Amino acid sequence: MSIAAATILRLFREAGSGFVSGELISRELHVSRTAVWKHINGLRDAGYIVEAIPSRGYHLLSSPDILSVDEVRDKLCTIRIGRQLVCLPETASTNADAFHLAEAGSEEGTTVIADAQSGGKGRRGRVWSSPGGVNLYCSIVLRPAIMPHEAPQLTFLSAVAVARAIEQTTALKPEIKWPNDVLINGRKAAGLLNEMSAETDGINFVILGIGVNLNMTPAQFPADVRSPATSLLIEKGLPVNRSQFAATMLGELDRLYTNFLRHGFGSVRDEWQQRCNAKGREVVVSEADVETVRGRFHGIDCDGALLVRFPDGMVERILSGDVRVV
């Protein structure tokens, strides 16, 4: 986006529901009124609906559903997360981009958002379908002063943040599936993938990768999708504003992360367990589609491992596998 367009959008935001005079825009940009008109038409070409009334000026009626720095930042209220924001029209992987930025010394909270991904990936190297114009694909750089074995706890922060954002923007009731899926009506709407750079005695950085199916239609899902998938559009019946969802989710993650740094994993763990789809139910854990453990969900421990309780009272700690509620 050009500096002129960003300036005009800032003036619209500052005016709220009011009008912005052509004279004010002209002064801010140091251009003629004719040039102002050209910039307004440029915004219209980009999808912004701008009303013009003689003697009153210009009024922004609506914005396009684009994931730009200006659109997201305008709605963002955070301490750390997203203060450094990168928005890309397309990339291979936001996780890879964020990893490279972290290696180069980017500040904590740096967030990479892409409109589309050509190489999106999920857990265990599975493909994450990432078409353009419909979803949220983002990755966040964190630099917590914790030990490497504690890093999986951050996945649970991401899951709770996504669940909160879904509730706030749609009134849908998401559930969380161990370890890193967010479900709506039993179907996967979001997935999380963390990657880490660490030494023996500490973490250099963690990348939180978050993919949320916002406005995908049934026809856009791959035929070979591994588990039943859905989107907020399918479940709600109405499209979701992507920049608003991104800002809401990043805001919730910022609050959760701040609380995590101050008080530890406890409160996040409690909320995650309350939201878990397996709470109080029997589960089956499988590896490579072969059942390995069957028992009753008994929560997660301080490292995020799944706890399964057997009829004899014994509890087994599960570190990996696919979990299905019976």
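These numbers come from a predicted model, not from an experiment.

Next up on the list: the sheet that holds strand β8 (residues 187-199). With respect to topology, 7 strands assemble into an open sheet ordered β3-β4-β5-β9-β8-β7-β6, the strand pairing being mixed. The open sheet is flanked by β3 (85-88) and β6 (175-177), the only strands paired with a single partner. The average undirected angle you get between the axes of adjacent strands in this sheet is 20 degrees. Packing against the sheet, helix α5 (residues 94-103) makes contact with β3, β4 (111-114), β5 (136-142), β8 and β9 (202-212), and its axis sits at approximately 155 degrees to β9. Across the sheet, helix α6 (residues 153-170) touches β5, β6, β7 (181-184), β8 and β9, and the angle it forms with β8 is around 150 degrees.

Right, let's get into the packing of aromatic side chains. Evaluation of the coordinates by the stated rule reveals 5 aromatic pairs. With a centroid separation of 6.3 Å and an interplanar angle of 35 degrees, the aromatic rings of Trp-37 and Tyr-58 are classed as tilted. On the criterion of sequence distance, the pair formed by Trp-37 in helix α3 (residues 33-45) and Tyr-58 in strand β2 (residues 57-62) is long-range, its members being 21 residues apart. Of the residues examined, Trp-37 reaches a relative accessible area of 40% and is grouped as partly exposed. Each ring, one from Tyr-257 and one from Phe-260, has its centre 6.4 Å from the other, and the planes form 15 degrees; the classification is stacked. One end of the pair is Tyr-257 and the other is Phe-260, both in helix α8 (residues 242-263) and 3 residues apart, which spans about a single turn. Judged by its relative accessible area of 5%, Phe-260 is buried. An aromatic cluster is built from Phe-156, Phe-265 and Trp-272, whose rings are joined through pairwise contacts.

Now for α8. Each turn of an α-helix holds 3.6 residues, which means side chains three or four residues apart point in the same direction. Counted at 1.5 Å a residue, the expected span for α8 with its 22 residues is 32 Å, and the 31 Å between its end C-alpha atoms agrees. Downstream of α8 by one or two residues, Gly-264 has phi in the positive range, about 90 degrees.

Further remarks concern the sheet that holds strand β10 (residues 282-287). Judged by pairing direction, the sheet is antiparallel, and its 5 strands sit side by side in the order β13-β12-β11-β10-β14 without closing on themselves. Only two strands of the sheet have a single neighbouring strand rather than two, namely β13 (315-318) and β14 (322-325). On average, adjacent strands in this sheet sit at an angle of 45 degrees to one another, irrespective of strand direction. Note: β10 against β14, 4 bridges, orientation antiparallel. Considered in β14, the bridge of Val-284 is made with Arg-324.

The interhelical angle for the contact between α6 and helix α9 (residues 266-275), taken along N-to-C directions, is 60 degrees, at an axis separation of 10 Å. Between α6 and α9, the interaxial angle falls into the category oblique. α9 is crossed by α6, and the crossing has left-handed handedness. On the side of α6, the interface is formed by Phe-156, Leu-157, Ala-159, Val-160, Ala-163, Arg-164 and Glu-167, while α9 contributes Val-268, Glu-271, Trp-272 and Arg-275. Tallied by class, the residues present in the contact of α6 with α9 amount to 7 nonpolar, no polar and 4 charged.

β9 sits mainly inside the fold: 10 of its 11 residues count as buried. Judged from the 7 bridges that link them, β5 and β9 form a sheet pairing that is antiparallel. The partner of Leu-142 across the bridge, within β9, is Val-206. Both β8 and β9 contribute to a ladder of 10 bridges, which runs antiparallel. Directly across from Met-196, in β9, lies its bridge partner Val-206. Here β8 hands over to β9 after 2 residues, the two strands then running antiparallel side by side.

Quick look at the environment of Ile-140 now. Its location among the elements puts Ile-140 in strand β5. Note on Ile-140: relative accessible area 0%, which makes it buried. In this structure the C-alpha to C-alpha distance between Ile-140 and Gly-82, which are 58 residues apart in sequence, comes to 7.8 Å. Dropping the residues within four chain positions of it, Ile-140 is found in contact with Ile-81, Gly-109, Thr-110, Thr-111, Val-206, Ile-207, Leu-208, Ile-210, Leu-250 and Leu-253.

The rules behind these values
Residues numbered from 1 in each chain as written. Predicted model: local features only at pLDDT ≥ 70, side-chain atom pairs only at ≥ 80, totals over all residues. Heavy atoms only, no water. Pairing = 2+ DSSP bridges. Helix = DSSP H or I, 4+ residues; strand = E, 2+ residues; numbered from the N terminus. Axes fitted to C-alpha atoms, helices over the stretch in contact; angles between N-to-C directions. Contact = heavy atoms within 4.5 Å. Phe/Tyr/Trp six-rings, centres within 6.5 Å; stacked < 30°, edge-to-face > 60°. Buried < 20%, exposed > 50% of the residue type's maximum accessible area, 1.4 Å probe, protein only. Expected span 1.5 Å × (residues − 1). Parallel < 35°, antiparallel > 145°, perpendicular 65-115°, else oblique. Left-handed = near helix turned anticlockwise from the far one by under 90°. Nonpolar A, V, L, I, M, F, W, Y, C, P; charged D, E, K, R; others polar.

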